[in-house]
Amino acid sequence: MTEKLLSPLRTRPWPERWLTRILGVALASAAYFGCVVWTGASAPGALVLELLLLLLAGYFGHRDDLAWPLLLVAVPPAALMYITHPEGYANWPDETAWPQQWAFATLVIGAGVLVASAVGRRLRPCEEEESAEGVLSAHGC
């Protein structure tokens, strides 16, 4: 069971690959809605969202190529933040600053996802050495 959940996606059949990626997009979107939209954009909700996105990015960084976590984990919350802006943040005092705030938040989310996915990628088992099969490597084989 853990082999199926932690093996690289490139070794899995294509329906499983794409279902896993779709599930990642759904989880990132659900995390955004659950932590930001339904809690009213509170600070604890944003911290929980950050933690959930970092965990998802680490998982997809461990299983997939480096660009996929950015597309699967960072893009859905950024797009939803942009889409839900008129409803959730229309009463902010400085409405003209919204594009800069959105761009900054998107940059922070994207950078965090890239770092977490790179860490997850470095914790992959070595594939080059058959004698050390299943051993985690901190140097990224």
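None of the values given here were measured: they were computed from a predicted structure.

The rules behind these values
Residues numbered from 1 in each chain as written. Predicted model: local features only at pLDDT ≥ 70, side-chain atom pairs only at ≥ 80, totals over all residues. Heavy atoms only, no water. Helix = DSSP H or I, 4+ residues; strand = E, 2+ residues; numbered from the N terminus. Buried < 20%, exposed > 50% of the residue type's maximum accessible area, 1.4 Å probe, protein only. Contact = heavy atoms within 4.5 Å. Areas by Shrake-Rupley, 256 points an atom, 1.4 Å probe, with all protein chains shown as cover. Patch = residues over 30% accessible without salt bridge, like charges linked within 9 Å, V, L, I, M, F, W, Y side chains within 5 Å. Salt bridge = Lys/Arg side-chain N within 4 Å of Asp/Glu carboxyl O. Phe/Tyr/Trp six-rings, centres within 6.5 Å; stacked < 30°, edge-to-face > 60°. Lys NZ or Arg CZ within 6 Å of the ring centre and 35° of its normal. Axes fitted to C-alpha atoms, helices over the stretch in contact; angles between N-to-C directions. Parallel < 35°, antiparallel > 145°, perpendicular 65-115°, else oblique. Nonpolar A, V, L, I, M, F, W, Y, C, P; charged D, E, K, R; others polar. Core = buried A, V, L, I, M, F, W, Y, C linked by side-chain atoms within 4.5 Å. Expected span 1.5 Å × (residues − 1).

1. Considering the overall build of the chain
When helices and strands are counted, the chain shows five helices and zero strands. The 141 residues of the chain split such that 35% are buried. Intrachain contacts of the chain at a sequence separation of at least 6 include 64% that bridge at least 24 residues. Here the chain has roughly 8,800 Å² of accessible surface; of this, 70% comes from carbon and sulfur atoms.

2. Regarding a nonpolar patch on the surface
Taken together, the side chains of Trp14, Trp18, Leu19 and Ile22 make up a nonpolar region of the molecular surface, amounting to roughly 500 Å² of accessible area. Tracing the chain through its elements places Leu19 in helix α2 (residues 14-37).

3. Quick word on the packing of aromatic side chains
Centre distance and the angle of the planes are the two values used to describe a pair of aromatic rings. Counted according to the given criterion, the structure contains four aromatic pairs. Summarising the aromatic geometry, the rings of Trp18 and Trp68 are spaced 5.3 Å apart at their centres and angled 80° between planes, so their arrangement reads as edge-to-face. Of this pair, Trp18 sits in helix α2 while Trp68 sits in helix α4 (residues 67-88), placing them 50 residues apart in sequence. Taking the relative accessible area as the measure of exposure, Trp68 reaches 22% and is therefore partly exposed. When the ring centre of Trp18 is taken as origin, the NZ or CZ atom of Arg21, which lies over that ring, is 4.8 Å away. The side chain of Arg21 reaches across the aromatic face of Trp68, ending 4.0 Å from its centre.

4. Some points on the packing of α2 against helix α3 (residues 43-63)
Two numbers describe how α2 lies on α3: the axes approach to 8 Å, and their chain directions differ by 170°. With respect to α3, the axis of α2 lies roughly antiparallel. Residues Glu16, Thr20, Arg21, Gly24, Leu27, Ala28, Ala31, Tyr32, Cys35 and Val36 of α2 touch α3, and the partners they reach there are Gly45, Ala46, Val48, Leu49, Leu52, Leu53, Leu56, Phe60 and Arg63. For the contact of α2 with α3, a count of residues per class yields 13 nonpolar, three polar and three charged.

5. Thoughts on the nonpolar core
Tyr32, Leu49, Leu53, Val73, Ile109 and Val113 are the most contacted members of the largest nonpolar core, which totals 19 residues. Those elements that provide at least two residues to this core are α2, α3, α4 and α5 (98-122). Here Leu49 is in contact with Ala31, Tyr32, Cys35 and Val36, once residues within four sequence places are set aside.

6. Observations concerning the side chain of Ser117
Within the secondary structure, Ser117 sits in helix α5. Ser117 has contacts with Ala57, Gly58, Gly61, Leu66 and Pro69, leaving out every residue within four places of it along the chain.

7. Digging into the environment of Gly58
By the element assignment, Gly58 lies in helix α3. Along the primary structure Gly58 and Arg122 are separated by 64 residues, whereas in three dimensions their C-alpha atoms are 9.8 Å apart. In this structure Gly58 touches Ala116, Ser117 and Gly120, once residues within four positions along its chain are discounted.

8. Some points on α2
The α-helix advances 3.6 residues per turn, and as a result positions three or four apart in sequence lie on the same side. The terminal C-alpha atoms of α2 lie 33 Å apart, and with 24 residues this matches the ideal 34 Å at 1.5 Å per residue to within 8%. Among the residues of α2, those classed as buried are Glu16, Thr20, Arg21, Gly24, Ala28, Ser29, Ala31, Tyr32, Cys35 and Val36.

9. Here we look at the pattern of salt bridges
Between side chains of opposite charge, pairing is possible as soon as their charged atoms come close. Per the stated rule, a full pass over the model turns up two salt bridges. A salt bridge links Arg12 to Glu16; the shortest N-O distance between them is 3.0 Å. Judged by its relative accessible area of 18%, Arg12 falls in the buried class. The exposure class of Glu16 is buried, given its relative accessible area of 19%. Linking Asp64 and Arg21 is a salt bridge whose minimum nitrogen-to-oxygen distance equals 2.9 Å. With a gap of 43 residues between them, Asp64 in the loop between α3 and α4 and Arg21 in helix α2 connect regions that are remote in the sequence. Taken individually, Asp64 and Arg21 each receive the classification buried, so the pair is uniform in this respect.

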